[in-house]
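# Secondary and tertiary structure notes
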Amino acid sequence: QVQLVESGGGLVQPGGSLRLSCAASGSVFRIDAMGWYRQAPGKQRELVAAITRGGITNVVDSVKGRFTISRDNAKNTMYLQMSSLKSEDTAVYYCYANIATTPSTVSSRYWGQGTQVTVSS
């Protein structure tokens with residue numbers, strides 16, 4: 001059994017900052033790629049940022065220079081530091097992780113429950 005638990009969402013004013021966390025627990029042997037998606041009301045879910053086990057990152061153009069993805073492999077935790085937030089960043093943010101539960105299994109994708117980020121004055 002694997003769980004991904006997100007935290008850090010909330011209400012913030014435009015121009016403000018938030019840091020999201022995504023912690024994996026349970027039968028975790030190895031975590032490969034991790035990342036964040038978001039889904040705004042009436043829109044499709046979009047990939048925001050991703051990071052490999054070795055720390056190579058990729059972020060969508062709309063958040064470049066404002067969002068930073070990072071991870072702590074020792075803690076099985078990933079972060080999304082969001083700065084200079086805009087109203088269009090309002091969405092439910094979902095984390096995912098590709099996790100192998102034993103040394104002999106390939107990784108499978110697990111999802112967090114989602115955390116609401118609202119940017120509003």
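Each remark here, short or long, concerns the structure printed above.
Report follows, based on the coordinates.

### Focus: the sheet that holds strand β3 (residues 18–26)
Pairing in this open sheet of four strands is antiparallel, and the strands run β1-β3-β8-β7 from one edge to the other. On the outer flanks of this sheet lie β1 (2–7) and β7 (67–72), each paired with one strand and no other. Neighbouring strand axes in the sheet, compared pairwise and without regard to direction, differ in orientation by 15° on average. In this sheet, strand β8 (residues 77–82) lies alongside β3 in antiparallel orientation, the contact comprising six bridges. In the strand pairing of β8, L20 is matched with L80.

### Considerations on the packing of aromatic side chains
This structure, assessed with the given rule, holds three aromatic pairs. Seen from the ring of Y94, R45 lies directly overhead, with NZ or CZ sitting 4.0 Å from the centre.

### Notes on the pattern of salt bridges
Pairing of side chains with opposite charge becomes possible as their charged atoms draw close. In total, this model carries five salt bridges according to the counting rule given. Across the pair E46 and R38 runs a salt bridge whose closest N-O atoms are separated by 2.6 Å. By relative accessible area, E46 is classed as partly exposed at 29%. Notably, a salt bridge pairs R66 with D89, separated by 2.7 Å at the nearest N-O pair. Of the two residues, R66 sits in the loop between β6 (57–59) and β7 while D89 sits in the loop between β8 and β9 (91–100), which places them 23 residues apart along the sequence.

Parameters at a glance
- Residues numbered from 1 in each chain as written.
- Predicted model: local features only at pLDDT ≥ 70, side-chain atom pairs only at ≥ 80, totals over all residues.
- Heavy atoms only, no water.
- Pairing = 2+ DSSP bridges.
- Helix = DSSP H or I, 4+ residues; strand = E, 2+ residues; numbered from the N terminus.
- Axes fitted to C-alpha atoms, helices over the stretch in contact; angles between N-to-C directions.
- Phe/Tyr/Trp six-rings, centres within 6.5 Å; stacked < 30°, edge-to-face > 60°.
- Lys NZ or Arg CZ within 6 Å of the ring centre and 35° of its normal.
- Salt bridge = Lys/Arg side-chain N within 4 Å of Asp/Glu carboxyl O.
- Buried < 20%, exposed > 50% of the residue type's maximum accessible area, 1.4 Å probe, protein only.

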